[in-house]
Amino acid sequence: MEKAYKTMTSSGAANIAVGIIVAVTGITAGIIAIVNGARLLKNRNNITF
């Protein structure tokens, strides 16, 4: 019984840590995409084909 409790505890802690890392990475990627999109829109008149 105690072994299962310890396994569940460590697994739960690992899942929380992974969730935080994924959330931070997702927010960072979103910010980078917004900044790059704004730069593209700002400089679209300077592009010649």
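This text gives an overview of the structure that appears in the document. Remember, it's a predicted structure, so these values are computed and weren't measured experimentally.

### Comments concerning the overall build of the protein
- If you tally the helices and strands in the protein, you get one helix and zero strands.
- Projected onto its principal axes, the C-alpha coordinates of the protein cover approximately 70 × 15 × 5 Å.

### A short note on a nonpolar patch on the surface
- Taken together, the side chains of Ile 16, Ile 20 and Val 24 define a hydrophobic patch exposed on the protein surface, amounting to about 300 Å² of accessible area.
- Topologically, Ile 16 is positioned in helix α1 (residues 2–42).
- Take Ile 16: its relative accessible area is 57%, and that puts it in the exposed class.

### With respect to the environment of Tyr 5
- With respect to the helices, strands and loops of the structure, Tyr 5 is situated in helix α1.
- Among the residues examined, Tyr 5 registers a relative accessible area of 60% and is labelled exposed.
- Considering only alpha carbons, one finds Tyr 5 and Gly 19, 14 residues apart in sequence, at a separation of 21 Å.

### Describing the environment of Ser 10
- Within the fold, Ser 10 resides in helix α1.
- In this structure Ser 10 comes out as partly exposed when scored by relative accessible area, which is 46%.
- Remark: the alpha-carbon pair of Ser 10 and Arg 39, spanning 29 residues in sequence, is separated by 44 Å.
- A distance of 3.1 Å separates the side chain of Ser 10 from the backbone oxygen of Thr 7, its partner in a polar contact.

### Digging into the pattern of salt bridges
- Counted under the stated rule, the structure contains one salt bridge.
- A salt bridge links Glu 2 to Lys 6; the shortest N-O distance between them is 3.4 Å. Pair noted here: Glu 2 and Lys 6 are both in helix α1, with a separation of four residues, about one helical turn. In terms of burial, Glu 2 and Lys 6 fall into one category: exposed.

What counts as what
- Residues numbered from 1 in each chain as written.
- Predicted model: local features only at pLDDT ≥ 70, side-chain atom pairs only at ≥ 80, totals over all residues.
- Heavy atoms only, no water.
- Helix = DSSP H or I, 4+ residues; strand = E, 2+ residues; numbered from the N terminus.
- Patch = residues over 30% accessible without salt bridge, like charges linked within 9 Å, V, L, I, M, F, W, Y side chains within 5 Å.
- Areas by Shrake-Rupley, 256 points an atom, 1.4 Å probe, with all protein chains shown as cover.
- Salt bridge = Lys/Arg side-chain N within 4 Å of Asp/Glu carboxyl O.
- Buried < 20%, exposed > 50% of the residue type's maximum accessible area, 1.4 Å probe, protein only.
- Polar contact = N/O pair within 3.5 Å; in protein donor to acceptor, adjacent residues only side chain to side chain.

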